[in-house]
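Below are the chains, spelled out letter by letter.
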Amino acid sequence: MDAGFPRPRTQIPVLGANGRARYFLDMGWEELMIAVEYDGEHHRTSRDTYTNDLTRSDYIRDAGWWHIRVVAGHRPAEVIEKTRRAWSLRQIAPLPRS
């Protein structure tokens, strides 16, 4: 928000084929389908978590979300730039409404 983005929503559900929440996104903007998520150290050190993360990321992207993943080594300016780029592209070419 300090970078000029509106307040994101947190714990955004991504629905499965059954219409129920399959995953929850850390934070993002539903109207543009942009999500920003932080992956802690266990995402790297646990093989099961890492494998599940790959499946989860594919699902989220296939559902139409721009999925920005952040780890401890990312500088704030990098995260802001990735978010700004996604925001800009989604503003230029908004997703069709169903």
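Because the structure is a prediction, the values reported are computed rather than measured.

**Here we look at the packing of aromatic side chains**
Then, number 1: With the rule as written, the count across this model stands at 4 aromatic pairs.
Then, number 2: Consider the rings of Phe5 and Trp29, whose centres lie 5.7 Å apart with planes at 40 degrees: the pair is tilted. One end of the pair, Phe5, is in the segment before β1 (9-15); the other, Trp29, is in strand β2 (residues 21-29), and 24 residues separate them in sequence. Assigned by exposure class, Phe5 and Trp29 land together as buried.

**Structural notes on the confidence of the model for the chain**
Then, number 1: Within the chain, residue pLDDT values average 86, and 87% of them lie at 70 or more.
Then, number 2: Across the chain, the secondary-structure element scoring lowest on mean pLDDT is helix α1 (residues 42-45), at 60, and the one scoring highest is β1, at 96.

**Re the nonpolar core**
Then, number 1: Judged by nonpolar contacts, Phe5, Trp29, Leu32, Ile34, Val36, Ile68, Val70, Val79, Ala86 and Trp87 together constitute the single largest core of 10 residues.
Then, number 2: Counting only elements with at least two residues in this core, the list comes to β3 (34-38), β4 (66-70) and α3 (76-92).
Then, number 3: Counting residues per element, this core draws most heavily on α3, which supplies 3 residues.
Then, number 4: In this view, Ile68 contacts Ile34, Ala35, Val36, Glu37, Lys82, Thr83 and Ala86; residues no more than four positions away in its chain are not counted.

**Details of the sheet that holds β3**
Then, number 1: The 4 strands are arranged β1-β2-β3-β4 in an open sheet whose pairing can be described as mixed. Whereas interior strands pair on both sides, the edge strands pair on one side only; in this sheet they are β1 and β4. Across the sheet, the mean angle from the axis of one strand to that of its neighbour is 45 degrees, orientation sign disregarded.
Then, number 2: Pairing of β1 with β2, which is carried by 6 bridges, proceeds in the antiparallel orientation. Note on β2: the bridge partner recorded for Val14 is Tyr23.
Then, number 3: Together, β1, β2, β3 and β4 form the strand contacts of helix α2 (residues 47-62), whose direction differs from that of β2 by roughly 70 degrees.

Cut-offs applied
- Residues numbered from 1 in each chain as written.
- Predicted model: local features only at pLDDT ≥ 70, side-chain atom pairs only at ≥ 80, totals over all residues.
- Heavy atoms only, no water.
- Phe/Tyr/Trp six-rings, centres within 6.5 Å; stacked < 30°, edge-to-face > 60°.
- Helix = DSSP H or I, 4+ residues; strand = E, 2+ residues; numbered from the N terminus.
- Buried < 20%, exposed > 50% of the residue type's maximum accessible area, 1.4 Å probe, protein only.
- pLDDT = per-residue confidence, 0-100.
- Core = buried A, V, L, I, M, F, W, Y, C linked by side-chain atoms within 4.5 Å.
- Contact = heavy atoms within 4.5 Å.
- Pairing = 2+ DSSP bridges.
- Axes fitted to C-alpha atoms, helices over the stretch in contact; angles between N-to-C directions.

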